[in-house]
Amino acid sequence: MISFSHRNVHEENCPHLPYSCPVANCVFRGSSLHLSFHFNGEHKASARFFRYGEWFTLLLDKEEPIYVLNGENGLLFILDNRVECVGNVFSVMGFGPSSLEEEYGYGLTVRSGRRCLKLESFPRSERQRDNGLMDFLVIPLEAYCNKGQLKLEVCIWSLSNGKDSGV
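Numbering of residues begins from 1 in every chain and follows the order in which that chain's sequence is written. Residues qualify for local features only when their pLDDT is at least 70, as the model is predicted, and side-chain atom pairs are given and counted only at 80 or more; totals for whole chains, interfaces and linings, by contrast, use all residues. Heavy atoms throughout the structure, all of them, feed into the side-chain values; hydrogens and water do not.

Novice: Whenever I open this one, the overall build of the protein chain confuses me. Can you help?
Specialist: The number of helices and strands found in the protein chain is three helices and twelve strands. A buried classification covers 45% of the 167 residues belonging to the protein chain. Intrachain contacts of the protein chain at a sequence separation of at least 6 include 54% that bridge at least 24 residues. Surface summary for the protein chain: the accessible area is close to 9,600 Å², and the carbon and sulfur share equals 51%. Here a helix means four or more residues in a row that DSSP labels H or I, a strand means two or more in a row labelled E, and each is numbered from the N terminus. Three exposure classes are used, based on accessible area relative to the maximum for each residue type with a 1.4 Å probe and protein chains only: buried under 20%, partly exposed in between, and exposed over 50%. Pairs of residues are marked as contacts when any of their non-hydrogen atoms sit within 4.5 Å. Accessible surface is estimated by sampling points in the Shrake-Rupley manner with a 1.4 Å probe; for residues, cover comes only from the protein chains shown.

Novice: How should the pattern of salt bridges be read in this particular structure?
Specialist: Side chains bearing opposite charge may pair, as long as their charged atoms lie close to each other. For this analysis, a salt bridge means a side-chain nitrogen from Lys or Arg found within 4 Å of a carboxyl oxygen belonging to Asp or Glu. The final tally for this structure, using the stated rule, is three salt bridges. Measuring nitrogen to oxygen at the nearest pair gives 2.6 Å for the salt bridge that ties arginine 82 to aspartate 80. We classify arginine 82 as partly exposed; its relative accessible area is 26%. When its relative accessible area of 1% is taken as the criterion, aspartate 80 is described as buried.

Novice: Honestly, the nonpolar core in this entry has me stumped. Any pointers?
Specialist: General note: in soluble globular proteins, nonpolar side chains tend to be found buried as a group. Throughout this description, the term nonpolar core refers to a set of buried Ala, Val, Leu, Ile, Met, Phe, Trp, Tyr and Cys residues connected via side-chain atoms within 4.5 Å. One finds Leu69, Phe77, Leu79, Phe90, Leu108 and Ile156 to be the most contacted residues of the largest nonpolar core, which totals 26 residues. Of all the secondary-structure elements, those providing two or more residues to this core are strand 4 (56-61), strand 5 (66-71), strand 6 (76-84), strand 7 (87-94), strand 8 (104-112), strand 11 (137-140) and strand 12 (149-158). With residues up to four places along the chain from it excluded, the contact list for phenylalanine 77 reads Phe50, Tyr52, Tyr67, Val68, Leu69, Val92, Met93, Gly94, Tyr104, Pro123 and Ile156.

Novice: Sorry if this is basic, but what is going on with the environment of alanine 47 here?
Specialist: Inspection of the secondary structure assignment puts alanine 47 in strand 3 (residues 47-50). When the C-alpha positions of alanine 47 and leucine 69 are compared, they lie 5.4 Å apart, and in sequence the two are 22 residues distant. Dropping the residues within four chain positions of it, alanine 47 is found in contact with Phe39, Val68 and Asn70.

Structure (C-alpha cells):
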C-alpha cells in the first residue's frame, strides 16, 4: 500500500510501469525489464548495440524520427530526431524510471567541415517524451551531406560505474 501523498514519487520510480515498444506497429507493452526481453527477442536487429563509456558512430537519415540504442545490459535508449525549420533536433531518452537521469549520461558530437557541435547531458525517461525537450542538440541543415545523411558520434555512460563521460 502506498499513501496518496507518495503516489507521484512511486509512479516516477516504479520499475513496473508499462512502456510501449518503440518499433512501429508493435503492440507490446510491459515494464522496462520485460520490454528489454521482448525487444532483444523480437527486434534485436532494429537497434544499435553499444557498450557504456565507448563512442560509436551512427549514419543518420534526416527524416528518421527515432533510433533505438541497446545497452550492453539490455537497457534501451531512444535517440529522438525531430525535424524543425532550422534543422534537426536530437536528444536521448531511456526506457526506465526517472532515476535514469541520475544513473546515466550521454554525449552527442557532429563534425561538419571545421565545425564541431557537441552536447553532453542526461537521458530523460521515455515517459516524459511528450513533455517537451529539456536538453537537445540542433544540427543545421547544411551539416547534412547531399544524400540527406549525417554522421553522429554517440556515447552513453553509466555514472554508477564511476566512469566519466570520455568527452
